Amino acid sequence: MEGASDGFEAVASEGSGAELSPASSQREPGDPAGKPLPPQPAHTAQSEEGWDQQSSQNSVLPKNTAKGTQTVSRIEDNETLRKTEESPGKVIQQNYHMPDVITVRVQKASILTGSDSFQEVDVKIERPTYNKPFLGGFRNVSTGVEFHNAGSQTKPPKRPHKGIQLFCKETQTTVEKNKPQQTRNATSTQMTKIGLYVSNMTDKLITPGKYFTAEEYHKRRLEAVIVLQKYFRRWHAVNLVQNLKELKRLRLAWEAEEELRKKREKEEKLIREYEKKLNPKTKEDFELLYHELQLWMQEETERINRTLTGAERKAALCALLEEETQLIACIGMHKLHANLENQQKSILHLLRKCAQPRRWKAFDGKITEMDTKSTLRGKELLEIYRSLTKEGIPKDERISVLLTVKCTVQEHDCKLTQEIVALIDREIDLLSRDVKECNLEGLRKRICTLFLQYIKIPEFNPEVAGLLKVPQDPLTLYKKVYFCHSCENYLPSTEFPVAANSRTIGRCHSCSRLENEARQREAYLKYRLILEDLRKSEVDYQDDSKIVFLVQLPDMQYLIENIWNCQSALSASSDLYDLVMVRWDKQHEWSPWNTILLTKEEADAHLKLCNLQKTYEAPFIHKMEQKHIRAKNYFAQIPVMSSFLHTSNTQANENSYKKHSSSKLKK
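Visitor: What is the right way to look at the overall build of the chain in this model?
Guide: Summing up its helical and strand segments, the chain has 17 helices and 12 strands in all. Partitioning the contacts of the chain with sequence separation of at least 6, the portion at a separation of at least 24 is 58%. About 48800 Å² of surface is accessible on the chain, with carbon and sulfur atoms providing 54% of the total.

Visitor: Teacher, can you tell me more about the pairing of strand β6 (residues 146–150) here?
Guide: Looking down a regular strand, the side chains alternate between one sheet face and the other. A large share of β6 lies buried, amounting to 5 of its 5 residues. Here β6 shows a buried face lined by Glu146, His148 and Ala150 and a second buried face lined by Phe147 and Asn149. As judged from the 3 bridges shared by strand β5 (residues 137–139) and β6, these two strands associate in the antiparallel manner. Within β6, the residue paired with Arg139 across the bridge is Glu146. A loop of 6 residues connects β5 with β6, the two strands running antiparallel in sequence, and Gly144 in this loop sits at a positive phi of about 75 degrees.

Visitor: Please explain the pairing of strand β9 (residues 481–484) as it appears in this structure.
Guide: Looking at chain direction, β9 and strand β10 (residues 489–492) are connected through 4 bridges and run antiparallel. Its bridge partner being in β10, Phe483 is matched across the sheet by Tyr490. Between the end of β9 and the start of β10, which pair antiparallel, lie 4 residues, with Glu488 showing a positive phi angle near 55 degrees.

Visitor: Just to check I follow, could you spell out the packing of helix α4 (residues 283–307) against helix α5 (residues 310–355) for this structure?
Guide: To characterise two packed helices, one gives the angle between the axes of the helices and the distance between these axes. The interhelical angle for the contact between α4 and α5, taken along N-to-C directions, is 175 degrees, at an axis separation of 11 Å. Viewed along their axes, α4 and α5 adopt a mutual orientation that is roughly antiparallel. Facing α4, whose interface residues are Phe286, Leu289, Tyr290, Leu293, Trp296, Met297, Glu300, Thr301, Ile304 and Asn305, α5 presents Arg313, Ala316, Leu317, Leu320, Glu323, Glu324, Leu327, Ile328, Ile331, His334, Lys335 and Ala338. Here the contact of α4 with α5 is built from residues that sort into 14 nonpolar, 3 polar and 5 charged.

Visitor: What's the story with a nonpolar patch on the surface in this structure? I'm lost.
Guide: Judged by side-chain polarity, Leu240, Leu244, Leu247 and Leu250 come together as a nonpolar surface patch covering roughly 380 Å² of accessible area. Summarising the element assignment, Leu247 is placed in helix α3 (residues 214–278). The class of Leu247 is exposed, set by a relative accessible area of 54%.

Visitor: Before we go on, may I ask you to explain helix α13 (residues 553–563) in this structure?
Guide: An α-helix turns once per 3.6 residues; consequently, residues spaced three or four apart project the same way. For α13, the set of buried residues is Leu553, Asp555, Met556, Gln557, Leu559, Ile560 and Ile563. Asn565 occupies a position one or two residues after α13 and carries a positive phi of about 55 degrees.

Visitor: How should the confidence of the model for the chain be read in this particular structure?
Guide: When pLDDT is low, close inspection of the predicted coordinates is not appropriate. Averaged over all residues, the pLDDT of the chain is 78; the fraction at 70 or higher stands at 75%. Taken element by element, the chain is modelled with least confidence in strand β1 (residues 43–44), mean pLDDT 38, and with most confidence in α3, mean pLDDT 93. This stretch, residues 1–73, has a pLDDT under 50; its non-local contacts, to residues over four places away or in other chains, come to 161 contacts. Across residues 80–93 the pLDDT falls below 50, and counting only partners more than four positions away or on other chains, this stretch makes 18 contacts in the model.

Visitor: Looking at this structure, how should I read the packing of aromatic side chains?
Guide: Given two aromatic rings, their pairing is described by the distance between the two centres and the angle made by the two planes. Overall, the coordinates contain 11 aromatic pairs when judged by the stated rule. With 5.9 Å between their ring centres and 20 degrees between their planes, Phe451 and Tyr454 make a pair best called stacked. Taken together, the residues Phe451 and Tyr454, both in helix α9 (residues 441–455) and 3 residues apart, mark about one turn of the helix. Residue Tyr454 is classed as buried on the basis of its relative accessible area, which comes to 0%. Aromatic ring contacts, followed pair by pair, group Phe451, Tyr454 and Phe460 into a single cluster. Across from the ring centre of Phe286, 5.6 Å away, lies the NZ or CZ of Lys335, which sits over that ring. Sitting over the face of the ring of Tyr541, Arg583 holds its NZ or CZ atom 3.8 Å from the ring centroid.

Visitor: Explain the side chain of Thr595 here, please?
Guide: Within the element layout of this structure, Thr595 appears in strand β12 (residues 595–599). Residue class for Thr595 comes out buried when judged on its relative accessible area of 0%. Polar side-chain contacts of Thr595 include one of 3.1 Å to the backbone oxygen of Val582. Among the polar contacts listed, one links the side chain of Thr595 to the side chain of Trp590, at a separation of 2.8 Å. Sequence-distant contacts of Thr595, that is, excluding residues within four places in its chain, are made with Trp564, Met581, Val582, Arg583, Trp584, Trp590 and His628.

Visitor: I keep staring at α3 and nothing clicks. Help me out?
Guide: Between its first and last C-alpha, α3 extends 94 Å over 65 residues, near the 96 Å set by a 1.5 Å rise per residue. The complete set of buried residues in α3 reads Glu258, Lys269 and Glu273.

Visitor: How do you make sense of the environment of Asn342 when you look at a structure like this?
Guide: Mapped onto the fold, Asn342 is located in helix α5. Residue Asn342 is classed as partly exposed on the basis of its relative accessible area of 30%. Sequence spacing of Asn342 and Lys281 is 61 residues, and the spatial spacing of their C-alpha atoms is 7.6 Å.

Visitor: Even after reading the chapter, I still don't get the nonpolar core, so can you show me in this structure?
Guide: Soluble globular proteins tend to pack their nonpolar side chains together in the buried interior. Met556, Leu559, Ile560, Trp564, Met581, Trp590 and Ile596 are the most contacted members of the largest nonpolar core, which has 38 residues in total. Elements supplying a minimum of two residues to this core: α11 (525–541), α12 (547–550), α13, β11 (579–583), β12, α16 (618–635) and α17 (639–666). For this core, the element with the most residues is α16, which contributes 6 residues. Non-local contacts of Met556, meaning those with residues more than four positions away in its chain, are made with Tyr527, Ile530, Leu531, Leu534, Val551, Met581 and Trp590. Judged by nonpolar contacts, the second largest core, of 30 residues, contains Leu388, Leu443, Leu450 and Phe460.

Visitor: I keep staring at the packing of α13 against α16 and nothing clicks. Help me out?
Guide: The N-to-C vectors of α13 and α16 enclose an angle of 140 degrees; their axes lie 11 Å apart at closest approach. Once α13 is placed against α16, the crossing between them reads as right-handed. Contact with α13, carried on its side by Asp555, Tyr558, Leu559, Asn562 and Ile563, involves Lys627, Arg630, Ala631, Tyr634 and Phe635 of α16 and no other residues of that element. Partitioned by chemical class, the residues of the contact of α13 with α16 number 6 nonpolar, 1 polar and 3 charged.

Visitor: Even after reading the chapter, I still don't get the pattern of salt bridges, so can you show me in this structure?
Guide: In a structure, side chains of opposite charge can pair up when their charged atoms sit close to one another. Evaluated as defined, the whole model comprises 28 salt bridges. Linking Glu255 and Arg251 is a salt bridge whose minimum nitrogen-to-oxygen distance equals 3.1 Å. Here the residue Glu255 and the residue Arg251 both occupy positions in helix α3, the gap between them amounting to 4 residues, near one helical turn. Accessibility expressed as a relative area gives 33% for Glu255, which makes it partly exposed. One connected set of salt bridges, linked through shared partners, spans Glu258, Arg261 and Glu265.

Visitor: Sorry, what's going on with unusual backbone geometry here?
Guide: With the exception of glycine, the majority of residues adopt a negative phi angle, and the majority of peptide bonds are in the trans configuration. Of note in the backbone geometry, Arg521 takes a positive phi value of approximately 55 degrees without being a glycine. Inspection of the secondary structure puts Arg521 in the loop between α10 (509–520) and α11. Look at Asn565: it is not a glycine, yet its phi comes out positive at around 55 degrees. Its location among the elements puts Asn565 in the loop between α13 and β11.

Visitor: Looking at this structure, how should I read the side chain of Arg444?
Guide: The topology assignment puts Arg444 in helix α9. With a relative accessible area of 18%, Arg444 lands in the buried category. Those residues in contact with Arg444 that sit more than four places away from it in its chain are Arg398, Glu427, Leu431 and Glu437.

Definitions and cut-offs
Residues numbered from 1 in each chain as written. Predicted model: local features only at pLDDT ≥ 70, side-chain atom pairs only at ≥ 80, totals over all residues. Heavy atoms only, no water. Helix = DSSP H or I, 4+ residues; strand = E, 2+ residues; numbered from the N terminus. Contact = heavy atoms within 4.5 Å. Areas by Shrake-Rupley, 256 points an atom, 1.4 Å probe, with all protein chains shown as cover. Buried < 20%, exposed > 50% of the residue type's maximum accessible area, 1.4 Å probe, protein only. Pairing = 2+ DSSP bridges. Axes fitted to C-alpha atoms, helices over the stretch in contact; angles between N-to-C directions. Parallel < 35°, antiparallel > 145°, perpendicular 65-115°, else oblique. Nonpolar A, V, L, I, M, F, W, Y, C, P; charged D, E, K, R; others polar. Patch = residues over 30% accessible without salt bridge, like charges linked within 9 Å, V, L, I, M, F, W, Y side chains within 5 Å. Salt bridge = Lys/Arg side-chain N within 4 Å of Asp/Glu carboxyl O. pLDDT = per-residue confidence, 0-100. Phe/Tyr/Trp six-rings, centres within 6.5 Å; stacked < 30°, edge-to-face > 60°. Lys NZ or Arg CZ within 6 Å of the ring centre and 35° of its normal. Polar contact = N/O pair within 3.5 Å; in protein donor to acceptor, adjacent residues only side chain to side chain. Expected span 1.5 Å × (residues − 1). Core = buried A, V, L, I, M, F, W, Y, C linked by side-chain atoms within 4.5 Å. Left-handed = near helix turned anticlockwise from the far one by under 90°.

Set out below in structure tokens:
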């Protein structure tokens, strides 16, 4: 470096802080000379170990690729490191990579002999693992060359962690400051003395009060706290009582509302039943009507047998029989009218389904509808049929409807359409002659029947193909048609009631209904409602329950009447319209041996229970188990139920083993 004495050579090693920064090694001549850089405490490049501040010549070692050594060259006093790098023949390569070990030749000057000697030293290069900080430096006054302060070549060792969390002084202690303060106004006190009188009329005499100790002070505080607690507890008790009163009022209001709701529902149910008996329309309505007739017959027969004897009894029984016959005939007339209404409703329902557009649900939940060619055809035929069956329309409008029907059926030439066209021409001719409408009823019914037959042909109405009960291909019925020995008709399998314990095909639905109306006159509506509610509840569980769909209406009737005695297991309520069947243990699927008959409110409370053994008493649980055993014995005769019985027995054995083992462990 510049200003060093002779006899030493400057060696620039990679990673040393003494290297000049290319961006800041030169300054413009106009800069003020000798201006120091930001000072930071560190050694400079001239004070590194092995260097003498009196040396005047430095040397730079160019790369020797063959031996991995550095050759020393002299640097004059008026030369800088930048000049040596830029001089020809001494340019260091830009992509130079320092090897791990280099050999340095050091010149030593002997004072005694006055001669120079050289010594080769192996220097191990340590690669820096971190970026060295900028430590400041200074600038040469004469040449304007910058020198940077350099730290040690090796990374300083870290202090060992003592395992104790340390804090700085500012966080350990608080800063205290003493500051005197003077009052705002200077005051003084003047007393009476010789030659000066001060009035004491406005003075106040202050006498010391009674002194009390710390114990008395804490005692007074405790008494005050007790007073506060008393008032707070009183306030809290008043609020608690008011809340309880409000809850009681709400509970009583809810109970009264529930009572009114139940009473209202019961009245509405009675009104509906009464309307069904007065104007029966469905099969269930006529079933209830025949059941009421049977109950009335039994009551009258018991009354006659109890009050009359001999010839009077026989005459009363004959009169009762005649009255029953008249009632049965009246019920039959109601059934005929209901069948006509139901037939017309079923026809309109079929035509509406043919005219219904295609629907599907999109990903966003919106329903999309689309009319196809076949649905438009169905809508057209539906409107024509409604116009054709309408009564009380003017003659001109009737003729227009008939012409529309004629144009519609003439699109297809067949025997049926030819007959419809001939009947339409006949009615138009009769209307032109002013024939009375009562004389045209038979002709109009015939036209409607033939046009309905035309609508039910898939060639003329494509949408009706998937709605007909009888498929177009008769070969599909061969494996699903059975013979009814009662009415001697071949019917599909859906027309036969098949019980769970049946082994052969019995009577069809119509024959069974006719036999029930003539003999037993049982009403299965209540059992049907219980079975439907049970199946809906089992579907909501989504645990793939199967047994509930194998149980039929007669099986449910036997289960309710013979095992559960038509009453709730808890409250003994016998209103079947208010009773439902639910699971006894909700963790397992429903079965006749895992069920209980309760009211709707009791069923909701039962399904919320988590532990039946802790909720119900032991005698009640034993009673339920006995009923389940009776149900198992009855349904064990059914072959389909045997596999489910085996599975349930296995689960019961596993549960009993777990309980037994857990009780042993507790002991």
